[in-house]
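Read off the chains here:
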Amino acid sequence: MTDTALVYLHAATTGDCAMTKALTYHWENTTFAWCHDPKMLSYKDVQAPMFVPASEAGASVELVTFTMKTTAFPDHSLQAGVEPWSFDFVRTPAGWRVRDQGQG
């Protein structure tokens, strides 16, 4: 799972939209793939995945937290700068995919 997180983060910071889209599970239309706007400019301090049981998350997920530098969200819900962030990864038939994300 850690490898998938690192592949996703690298794709997000290098503008590999095909990869971020392929690694995003569009669950209830709440998750976007880091691609155009906003842009993830860099990341650091990636933490080891933490298991979150289904009773807390609705489905068993692996939570990966990190710090990112980003451009602003189009709706201004998050300003440009450095923010703690997290991805919730869920196992799908195709492998681990980002199911949800937010301020970590």
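Residues numbered from 1 in each chain as written. Predicted model: local features only at pLDDT ≥ 70, side-chain atom pairs only at ≥ 80, totals over all residues. Heavy atoms only, no water.

**Topic: the state of the cysteines**
Okay, step 1: On inspection of all chains with the given rule, the structure shows 1 disulfide.
Okay, step 2: Note on cysteine connectivity: C17 is disulfide-linked to C35, with sulfurs 1.9 Å apart. Taking the torsion about the S-S bond as the criterion, the C17 to C35 disulfide, at about 110°, is right-handed. With C17 in helix 2 (residues 17-22) and C35 in the loop between helix 2 and strand 1 (40-44), this pair connects stretches of sequence that are 18 residues apart. With respect to burial, C17 and C35 carry one shared label: buried. (Disulfide = S-S within 2.5 Å. Helix = DSSP H or I, 4+ residues; strand = E, 2+ residues; numbered from the N terminus. Buried < 20%, exposed > 50% of the residue type's maximum accessible area, 1.4 Å probe, protein only.)

**Topic: helix 1 (residues 2-14)**
Okay, step 1: In a regular helix each residue adds 1.5 Å, so 13 residues correspond to 18 Å; helix 1 covers 18 Å between its end C-alpha atoms and thus fits that length.
Okay, step 2: Taken residue by residue, helix 1 has T4, A5, Y8, L9, A11 and A12 as its buried positions. Projection of helix 1 onto a plane perpendicular to its axis shows the buried side chains occupying an angular sector of 165°, all on one side.
Okay, step 3: Considering only its buried residues, helix 1 is in contact with helix 2, strand 1, strand 3 (61-70), strand 4 (81-92) and strand 5 (95-103).
Okay, step 4: Downstream of helix 1 by a residue or two, G15 has a phi angle that is positive, lying close to 75°. (Expected span 1.5 Å × (residues − 1). Arc of directions from axis to C-beta. Contact = heavy atoms within 4.5 Å.)

**Examining the packing of aromatic side chains**
Okay, step 1: All chains considered together, the criterion is met by 8 aromatic pairs.
Okay, step 2: When the ring of Y8 is compared with that of F87, the centres are 4.9 Å apart and the planes differ by 70°; the resulting orientation is edge-to-face. A residue pair is termed long-range when its members are at least 10 positions apart, and Y8 in helix 1 and F87 in strand 4 qualify at 79 residues. One exposure class covers both Y8 and F87, and it is buried.
Okay, step 3: Between F87 and F89, the aromatic rings sit 6.1 Å apart at their centres with planes inclined by 90°, giving edge-to-face as the arrangement.
Okay, step 4: Judged by its relative accessible area of 0%, F87 is buried.
Okay, step 5: Put simply, the rings of Y8, F66, F87 and F89 pair up and form one aromatic cluster. (Phe/Tyr/Trp six-rings, centres within 6.5 Å; stacked < 30°, edge-to-face > 60°.)

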